[in-house]
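# Topology and contacts: notes
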Amino acid sequence: MSRFLDGRFSHLEAYAPGEQPRDKKYVKLNTNESPYPPSPKVIAAINSAEVADLRLYPDPTAVSLRTAIAGRYGLTPEQVSVGSGSDDLLNFCFMAFCGSGTGAAFPDISYGFYKVYGELYGLDCREIPLREDFTVAPEDCYGLGRTIFIANPNAPTGLALTREQLRGVIEHNRGSVVVVDEAYVDFGAESCAPLVDEYDNLIVTQTFSKSRSLAGARVGFALGSKELIADLELMKFSTNPYSVNRLSLLAGEAAMRDGGYFEKCRAAVIAERERTRSELLARGFEVLPSSANFVFARRDGTPGRELFLALRERGVLVRRWDSPRIADWLRITIGSPEDMDALIAALDDILKGA
Ligand SMILES: *Cc1c(COP(=O)(O)O)cnc(C)c1O
């Protein structure tokens, strides 16, 4: 830290992304990327003419991509904002809808970035404790008088609320914005996108990073009333109107228009998740029922940290947190069938001594 950093940030704890090893020798099940490549249509869209056009700025209104997204969700382009990953849009939600008068609220165990944004903006944040079974109780989110952030499915548990449960949260917070972060929704949860036309206090964020195999392209989007979206666009045009680069705009649009490939990939991930879950259950693990592209699992008598390190030693990277309630749990991304075979073989090797 230099002596010039503003005092507001001297205690800021940044988000710690999962490890991205450069030597690629690991079976990488730690950051919820897709094991499948982007749609062939994405690869075709990034041709050399488009690369040559990188001398030009991208379309700051991102109208083609917004139109493609709007088409899929039955909305108008004015109800869609795009950003450099959904993290960008979540940031804009904190910027636009929280402040000195309006704090934020989110579950105590959830996506770690909410707490970081809260600190970055010096907000009064209220954490909603998960229930004993790790679920978010909708009633605990009623009438909070704050901007509410709910990941659905939640991370790292993979547990989802139904659309009707979230409708209850939105109904009971008509004076506040409710942001539903649907980064994993395509793997089996109900989206709140169909509620966008009904509620002027709802924002839904989604990403191309997980179910559309574009984590490296950084494209995400928000859906909401045209007024809420205008607020997000105000944040975007007051920071970086060109946040989504030309190639990523094209990649996102091609991915959104290739529904067939999307369905194939998500079905493969869901099938592999269920197979992984039964293999883990057969080995004495407790595994939460997941609606995401990962499973959250623990095993009695095998401390999480030991298991994490033993897997790492055997070339399998998973994710784990030190916070007390989940210290024994591992979040395991669903990879290809071969990746998951490698995980199971590593576990068998570890447990044969146990
Ligand atoms: C991965 C993730 C995001 C952000 O993804 P981007 O790559 O920035 O689009 C947002 N929320 C949750 C819960 C996530 O897991």
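Everything here concerns the structure above.
Residues numbered from 1 in each chain as written. Predicted model: local features only at pLDDT ≥ 70, side-chain atom pairs only at ≥ 80, totals over all residues. Heavy atoms only, no water.

### A closer look at the pairing of strand E8 (residues 220-224)
What counts, and what does not: Exposure is judged per residue with a 1.4 Å probe applied to protein chains only, and the accessible area is read against the type maximum: over 50% gives exposed, under 20% gives buried, and values in between give partly exposed. Strands here are runs of E lasting at least two residues and helices are runs of H or I lasting at least four, both read from the DSSP assignment and numbered beginning at the N terminus. For two strands to pair, DSSP has to find at least two bridges joining them.
With five of five residues buried, E8 lies mostly within the body of the structure. The side-chain alternation of E8 yields two buried faces, one formed by Gly-220, Ala-222 and Gly-224 and the other by Phe-221 and Leu-223. Bridge count for strand E2 (residues 80-83) against E8 is four bridges, and the pairing is antiparallel. In the sheet register, Val-82 faces E8, and the bridge partner there is Phe-221. With five bridges joining them, strand E7 (residues 202-207) and E8 adopt antiparallel strand pairing. The residue bridging Thr-205 from the neighbouring strand is Ala-222, located in E8.

### Side note on the site of the ligand
This is how the line gets drawn: Put simply, a residue is near a molecule or strand once any heavy atom of it comes within 4 Å of that molecule or strand. Under the rule applied, a polar contact is a pair of N or O atoms within 3.5 Å (in protein, one hydrogen donor and one hydrogen acceptor; residues adjacent in sequence only if both atoms are side-chain atoms). All accessible-area figures derive from a Shrake-Rupley calculation using a 1.4 Å probe, and residue coverage is judged against the displayed protein chains alone.
Every residue near the ligand is listed here: Gly-85, Ser-86, Asp-87, Leu-90, Tyr-111, Asp-181, Ala-183, Tyr-184, Thr-207, Ser-209, Lys-210 and Arg-218. Backbone polar atom of Ser-86 to an oxygen atom of the ligand: 2.6 Å apart, as the coordinates give it. Between the ligand and the protein, one listed contact pairs an oxygen atom with a side-chain N or O atom of Lys-210 at 3.0 Å. In isolation the ligand has 380 Å² of accessible area, and contact with the protein removes 93% of it.

### Re helix H9 (residues 259-282)
Spelled out, the test is: To estimate the expected span of a helix, subtract one from its residue number and multiply by 1.5 Å. Note on definitions: a residue-residue contact is assigned when non-hydrogen atoms from the two residues lie within 4.5 Å.
Across its 24 residues, H9 extends 35 Å between first and last C-alpha, which sits within 8% of the 34 Å expected from 1.5 Å per residue. Tucked into the core, H9 has its buried residues touching helix H1 (40-45), helix H3 (63-73), strand E9 (285-287), strand E10 (294-299), strand E12 (330-333) and helix H11 (337-351). Backbone geometry just downstream of H9 places Gly-284 in the positive-phi region, at approximately 85°.

### Here we look at the packing of aromatic side chains
To keep things clear, this is the line we draw: Any two rings among Phe, Tyr and Trp, with Trp reduced to its six-membered ring, count as a pair given centres within 6.5 Å; such a pair is stacked if its planes are under 30 degrees apart, edge-to-face if over 60, and tilted if neither.
Summed over the entire model, instances satisfying the criterion amount to 16 aromatic pairs. Between Tyr-73 and Phe-221 the ring centres are 5.9 Å apart and the planes differ by 40°, which places this aromatic pair in the tilted class. Of this pair, Tyr-73 sits in helix H3 while Phe-221 sits in strand E8; the two residues are 148 residues apart in sequence, bridging distant segments of the chain. Relative accessible area serves as the criterion here: at 15%, Tyr-73 is assigned to the buried category.

### Some words on the packing of helix H10 (residues 304-313) against H11
Each packed pair of helices is defined by two parameters, the angle between the axes and the distance between the axes. To be explicit about the condition: Every angle, taken between N-to-C directions, lies between 0 and 180 degrees, and every axis is a line fitted to C-alpha atoms, over only the stretch in contact when it is a helix. Working rule for handedness: look at the near helix, and if it is turned counterclockwise from the far one by less than a right angle, call the crossing left-handed; if clockwise, right-handed.
It is at 10 Å that the axes of H10 and H11 come closest, and there the two elements cross at 115°. When you trace H10 past H11, the crossing you get is right-handed. Contacts between H10 and H11 involve Leu-307, Ala-310 and Leu-311 on the former and, on the latter, Leu-343, Ala-346, Leu-347 and Ile-350.

Such coordinate-based values are descriptive only and should not be taken to indicate function.
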